[in-house]
Amino acid sequence: MFLRYIVVYEVDKVLELRALTKHYPNHHALKGISFSLTQGEFFSLVGPSGCGKTTTLRLIGGFEEPTSGEITLAGRPVAGLPPYRREVSTVFQNYALFPHLTVAQNVAFGLERRNGVTRSTIRNRVEQALALVQLSGKEARKPNQISGGERQRVALARSLVVEPKVLLLDEPLSALDPKLRKQMRQELKSLQRRVGIAFLFITHDQEEALSLSDRIAVMNQGSIEQIGKPRELYQEPTSRFVAEFLGEVNWVNGAGIRPEAIRVSKENPANGARSVAGVVESSTFLGNVTHLAARLPNGANCTAQLPLNGCTFELGEPVHLWWDASDELRVSA
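The residue count restarts for each chain, going from 1 along the sequence in the order it is written. Given that this is a predicted model, residues contribute local features only at a pLDDT of at least 70 and side-chain atom pairs are listed and counted only at 80 or more, while totals for whole chains, interfaces and linings are drawn from all residues. Each side-chain value is worked out from all heavy atoms of the structure, with water and hydrogens disregarded.

Now for the overall build of the chain. A count of helices and strands for the chain gives eight helices and 17 strands. Viewed in the frame of its principal axes, the chain has a C-alpha envelope of about 75 × 45 × 40 Å. Exposed residues in this analysis have more than 50% of their type's maximum accessible area, buried residues have under 20%, and partly exposed residues fall in between, with area computed by a 1.4 Å probe over protein chains only. Relative to its 333 residues, the chain shows a buried fraction of 49%. For the chain, the proportion of contacts with a sequence separation of at least 24, taken over those separated by at least 6, is 66%. Each helix is a run of H or I in the DSSP string that is no shorter than four residues. Each strand is a run of E no shorter than two, and both are numbered from the N terminus. Residues are treated as being in contact if the distance between any of their heavy atoms lies within 4.5 Å.

Relative to strand 4 (residues 68–73), strand 1 (residues 13–24) is paired through five bridges, and the arrangement is antiparallel. Across the sheet, residue E16 finds its bridge partner in strand 4, namely T72. Should DSSP find at least two bridges between two strands, the strands are taken to pair. The antiparallel hairpin formed by strand 4 and strand 5 (residues 76–77) contains two residues in its connecting segment, where A74 sits at a positive phi of about 50°.

A word on the sheet that holds strand 8 (residues 198–203). Pairing in this open sheet of six strands is mixed, and the strands run 6-7-8-3-9-10 from one edge to the other. The outermost strands of the open sheet, each flanked by one partner alone, are strand 6 (88–91) and strand 10 (223–228). Averaged over all neighbouring strand pairs, the angle between strand axes comes to 20°, with direction disregarded. In terms of strand pairing, strand 7 (residues 166–170) meets strand 8 through five bridges, oriented parallel. Bridging across to strand 8, V166 finds its partner in A198. Relative to strand 7, helix 1 (residues 53–61) is tilted by about 145°, and along the sheet it contacts strand 3 (42–46), strand 6, strand 7, strand 8 and strand 9 (215–220). All axes here are fitted lines through C-alpha atoms, helices being fitted over the stretch that makes contact, and every angle between N-to-C directions spans 0 to 180 degrees. Docked against the sheet, helix 4 (residues 148–160) engages strand 6 and strand 7, running at close to 170° with respect to strand 6.

The next point concerns unusual backbone geometry. Although it is not a glycine, A19 sits at a positive phi angle of roughly 50°. Considering the arrangement of structural elements, one finds A19 in strand 1. With a phi angle near 60°, Q134 is a residue other than glycine that sits in the positive phi range. Residue placement: Q134 occurs in the loop between helix 3 (119–132) and helix 4.

Let's shift gears to the packing of aromatic side chains. Pairing of aromatic rings covers Phe, Tyr and the six-membered ring of Trp, with a centre-to-centre limit of 6.5 Å; geometry is then stacked below 30 degrees between planes, edge-to-face above 60, and tilted otherwise. Within the structure shown, the criterion is met by six aromatic pairs. An angle of 55° between the planes, with centres 5.6 Å apart, marks the rings of F42 and F201 as tilted. In this pair, F42 is assigned in strand 3 and F201 in strand 8, connecting sequence segments 159 residues apart. Among the residues examined, F42 registers a relative accessible area of 0% and is labelled buried. Both rings, one in F241 and one in F245, keep their centres 6.1 Å apart while their planes meet at 15°; by these two values the pair is stacked. Here F241 and its partner F245 are both found in helix 8 (residues 240–245), four residues apart, which amounts to about one turn of the helix. Since its relative accessible area comes to 23%, F241 is described here as partly exposed. Among the aromatic residues, those joined into a ring-pair cluster are F42, F199 and F201.

Moving on, we get to the packing of helix 2 (residues 103–112) against helix 3. Where helix 2 contacts helix 3, the axes come no closer than 10 Å and their chain directions differ by 125°. With respect to helix 3, the element helix 2 is oriented oblique. The handedness of the crossing between helix 2 and helix 3 is right-handed. Where helix 2 approaches helix 3, its residues V103, A104, V107, A108, L111 and E112 are matched on the opposing element by I122, R125, V126, A129 and L130. Angle categories: roughly parallel below 35 degrees, roughly antiparallel above 145, roughly perpendicular from 65 to 115, and oblique for all the rest. Handedness of a helix crossing follows the sense of rotation of the near helix relative to the far helix, less than a right angle counterclockwise being left-handed and clockwise being right-handed.

With that out of the way, let us pick up the sheet that holds strand 17 (residues 318–323). Strand order in the open sheet made by the five strands is 13-17-14-15-16, with antiparallel pairing throughout. Each end of this open sheet is capped by a strand with a single partner; those strands are strand 13 (263–265) and strand 16 (301–307). For this sheet the average axis-to-axis angle between neighbouring strands, irrespective of direction, equals 45°. Bridge count between strand 13 and strand 17: three bridges; the pairing is antiparallel. Residue pairing across strands places R263 opposite W322, the latter belonging to strand 17.

Any carboxyl oxygen of Asp or Glu within 4 Å of a side-chain nitrogen of Lys or Arg constitutes a salt bridge here. By the definition in use, this model includes 22 salt bridges. Between E87 and K165 there is a salt bridge, with the nearest N and O atoms lying 2.5 Å from each other. Remark: K165 occurs in the loop between helix 4 and strand 7 and E87 occurs in the loop between strand 5 and strand 6; sequence separation between them is 78 residues. E87 sits in the partly exposed class, given a relative accessible area of 36%.

Helix span, as expected, comes to 1.5 Å for every residue beyond the first. With 18 residues, helix 5 (residues 178–195) extends 26 Å from end C-alpha to end C-alpha; this agrees with the ideal 26 Å at 1.5 Å per step. Those residues of helix 5 that are buried lie in contact with strand 3, helix 3, helix 4, strand 7, strand 8 and helix 6 (206–212). At the C-terminal side of helix 5, G196 shows a positive phi close to 75°.

That is the geometry; function is a separate question.
Structure below.
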């Protein structure tokens, strides 16, 4: 059966990177990063462009070799192995489908180049892979005859049909429109749970990472700033960089406060809450919430996220912004 590879490996860590570096002549892309994935884990690498995310993926996939450090899959080093001999598959940002091949032929491409795989086995596994991504009945279509979301599913099926230990995904949702992108997030997470293998997801979109991941590694300039569960990273960032990358944050009197933790009132609260005076500068209606921005006495802006009926303030109106001390983010510089 196609899903027969859902097993627990003898080693707990299906993928491990140890002190991995990658140096180019004029650039140190990776500066000794280390992390591991366990069986069935959805792990995301996030960070701005140029932080080393895609370089990390290329090293794991065998498209480049590290300057130093070690990569192991199910406990076995993969140094020197070409991509086709590593038990990983990659879904690229542009899907890399062959336009002259049908959906079924695209999915079968990797299997057909493996020795000892019979035609009947290929046919059965392709059928199962397409059923898994809900594309049964579209086997004979070409990539230009299906939608963008369906092309992404073909790329996923092609990667899963070869039964990898780890699936590498290089910003696979970035080419989709916003509505389809949100839909595909849920489908991707559901698919990962069904197949039960480790996913390593590369993205610069913090909302994607927070909604999909079991754990996240935040990268910055070739290093890992922090690794943790989504809620942990959002509520307990260890640095200003992590706090600002994973959502909006106000820095008021040295403290970081998320906009959703700030309340706004015309009177200064008398309940002992932390507060600061401001003047309303803008109010942006976003459907279920309103973003209110106020100018503080020191010239800085402070943004509050208010519920649908919670914004009754006029532009230029003096207000008090307040929050509980327990909502402050305690981070290093």
